[in-house]
Amino acid sequence: MLTDVKVRQVRATGKPCKLTDSNGLYLEVMPSGVKHWRYRYRISGKENLFAIGDYPEVSLQEARRARDAARELVKQGTHPSHARKKLQIDRQTDSAVTFELVAREWLAKKMEHWTPYYHKQATQCLEQNAFPRIGKAAIRNVKSADILEIMKTMEARGAETYAMHLRQWCSSIFRYAVVTLRAEGDPAAALKGAIIRPKINHCRAMDRADIRDFLRRLEGYGGNLTTVIILRLLMYLFVRTVELRKARWGEIDLGAAEWMIPAERMKMRRAHLVPLPTQAVELLTVLQGVTGAGVWLFPNFRRPTDCMSATTVNRALEHMGYPSGVWTGHDFRATASTRLHENGFSSAVIERQLAHVEGNKSKAAYNHAEYLAERRSMMQAWADWIDATKLP
């Protein structure tokens, strides 16, 4: 049996010499002074040698541990050198499977299930926050601490909600990697609750005085006609701002007084029918004379091939004298929901017009014309009620 002292003190001679340890392990000392650890073994009656490493990089204790591991492989009929080569290949493969590679693949699969807006939101969040930090890292090597560092950086700049979304998206990416056999677990799962959700400022409903004030300010607003019209339509139709901004003339039927929003632009991915009150038809008729030759109801005047900017409505409200955040485009929906319930309209009719529909795919096919007569009557009554608020 060898000892640390003997291995350290042995000197080279004019020819290679071998110092035997046990169970096939020996130290080969070359004339140059280099000391190689070797393991001699037999498989199928044939003698083989396995190169463990060189001393002193590999100590006597490390060489014995490597020999013991190799002996276990030999008992199974596996050559240690073959197992080591496979391990090297596996490591090279793992290093090529980066977090960004798997994330991009996952995003591509989500494209058909998400709205374009939500898909873009998730993509940009990962591109701006996760990919610069862990994008090039092998996904198997990404740890909880790596993701937490990214989340804390986002939290520090006030993006707590996005940090929470990032954790959820990363968690889904790791679970996808697990089921595709490219990761062992989900390190993002342990970070649930690491960021405290900030207090949410829920949408507020305007009362009658607020609506009267809004209409008065809108009449004195000196901005573009298209901006005035979109603000009036948001009040009358209470659709989501993004749905109206991206409306196309091909969706509008002024004769039938209807607007059919296609499924791909709806949050619930279901086509949504909006009955148009006479006030909306009149506004759209005026608008048609301005933008009707193009695709969009509300084109972007700087980029004619695109629709109105996402910030236009809120900036217009600020120019009307409202401090930032007092009212937003989404508050028109809260206003309609609150006031319509107060005026006795059916909750089912209101919720259907708000497109708040349960996303249970096991139920019967969604009928966009459900409660259509009731909704048409309600939309006209709502527009009339808004106009009546201008009266003292």
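Being a predicted model, the structure only gives us computed values, none of them experimental.

(A) Region of the structure containing the overall build of the chain. Looking only at helices and strands, the chain has 15 helices and 7 strands in total. A globule of 392 residues ought to have a C-alpha radius of gyration of about 21 Å, yet the chain, at 35 Å, is considerably larger. By principal-axis analysis of the C-alpha atoms, the chain measures approximately 110 × 45 × 40 Å. By residue count, 41% of the 392 residues in the chain fall in the buried class. Restricting the contact set of the chain to residue pairs at least 6 apart, pairs at least 24 apart contribute 59%. Total accessible area computed for the chain in this model is approximately 21100 Å², and 52% of it derives from carbon and sulfur atoms. Looking at charge distribution, the chain has the averaged site of its 60 positive side-chain charges lying 8 Å from that of its 41 negative ones.

(B) Molecular detail of the pairing of strand 1 (residues 17-20). Note that strand 1 and strand 2 (residues 25-29) share 4 bridges and pair antiparallel. The residue of strand 2 that forms the bridge with Lys 18 is Glu 28. In textbook terms, the turn of a hairpin is the stretch between consecutive antiparallel strands, and for strand 1 and strand 2 this stretch comprises 4 residues, one of which, Asn 23, has a positive phi near 50°.

(C) How the structure looks around the pattern of salt bridges. The final tally for this structure, using the stated rule, is 22 salt bridges. Of the charged contacts in the structure, one is a salt bridge between Arg 67 and Asp 68, with a shortest N-O distance of 3.1 Å. With a shortest N-O distance of 2.6 Å, Asp 213 and Arg 216 are connected by a salt bridge. With Asp 213 and Arg 216 both in helix 8 (residues 208-219) and 3 residues apart, the pair spans about one turn of that helix. One connected set of salt bridges, linked through shared partners, spans Asp 21, Arg 64, Arg 67 and Asp 68.

(D) Expanded view of the environment of Thr 291. Here Thr 291 lies in helix 11 (residues 278-291). With relative accessibility at 7%, the residue Thr 291 sits in the buried group. Put simply, Thr 291 and Glu 155 are 136 residues apart on the chain and 42 Å apart in space, counted from C-alpha to C-alpha. The contacts of Thr 291, once residues within four sequence positions are left out, are Thr 226, Trp 249, Trp 296, Leu 297 and Pro 299. A polar contact of 2.8 Å, which involves the side chain of Thr 291, links it to the backbone oxygen of Leu 297.

Reading the values: rules and limits
- Along each chain, residues carry numbers from 1 onward, in the same order as the chain's sequence is written.
- This being a predicted model, a pLDDT of at least 70 is required before a residue's local features are given, and a value of 80 or more before pairs of side-chain atoms are given or counted; all residues contribute to the totals for chains, interfaces and linings.
- Values reported for side chains reflect all heavy atoms of the structure, with hydrogen atoms and water molecules removed beforehand.
- Segments assigned H or I by DSSP are reported as helices when at least four residues long, segments assigned E as strands when at least two residues long, and all are numbered from the N terminus.
- Atoms considered for the radius of gyration are the C-alpha atoms alone. The globule rule reads 2.2 Å times the number of residues to the power 0.38.
- Each residue gets one of three labels from its accessible area relative to the maximum for its type: buried under 20%, exposed over 50%, partly exposed in between, using a 1.4 Å probe on protein chains only.
- By definition in these notes, contact holds between two residues if any of their heavy atoms fall within 4.5 Å.
- Accessible surface is estimated by sampling points in the Shrake-Rupley manner with a 1.4 Å probe; for residues, cover comes only from the protein chains shown.
- All tallies of charge rest on Lys and Arg as positive and Asp and Glu as negative; His and the ends of each chain are not included.
- For the purpose of locating charges, the reference atoms are NZ of Lys, CZ of Arg, CG of Asp and CD of Glu.
- Note: two strands are recorded as paired if DSSP finds a minimum of 2 bridges between them.
- The salt bridge definition used is simple: a Lys or Arg side-chain nitrogen within 4 Å of an Asp or Glu carboxyl oxygen.
- What qualifies as a polar contact is a pair of N or O atoms within 3.5 Å, subject to a donor-acceptor requirement within protein and to the restriction that residues adjacent in sequence count only when both atoms come from side chains.

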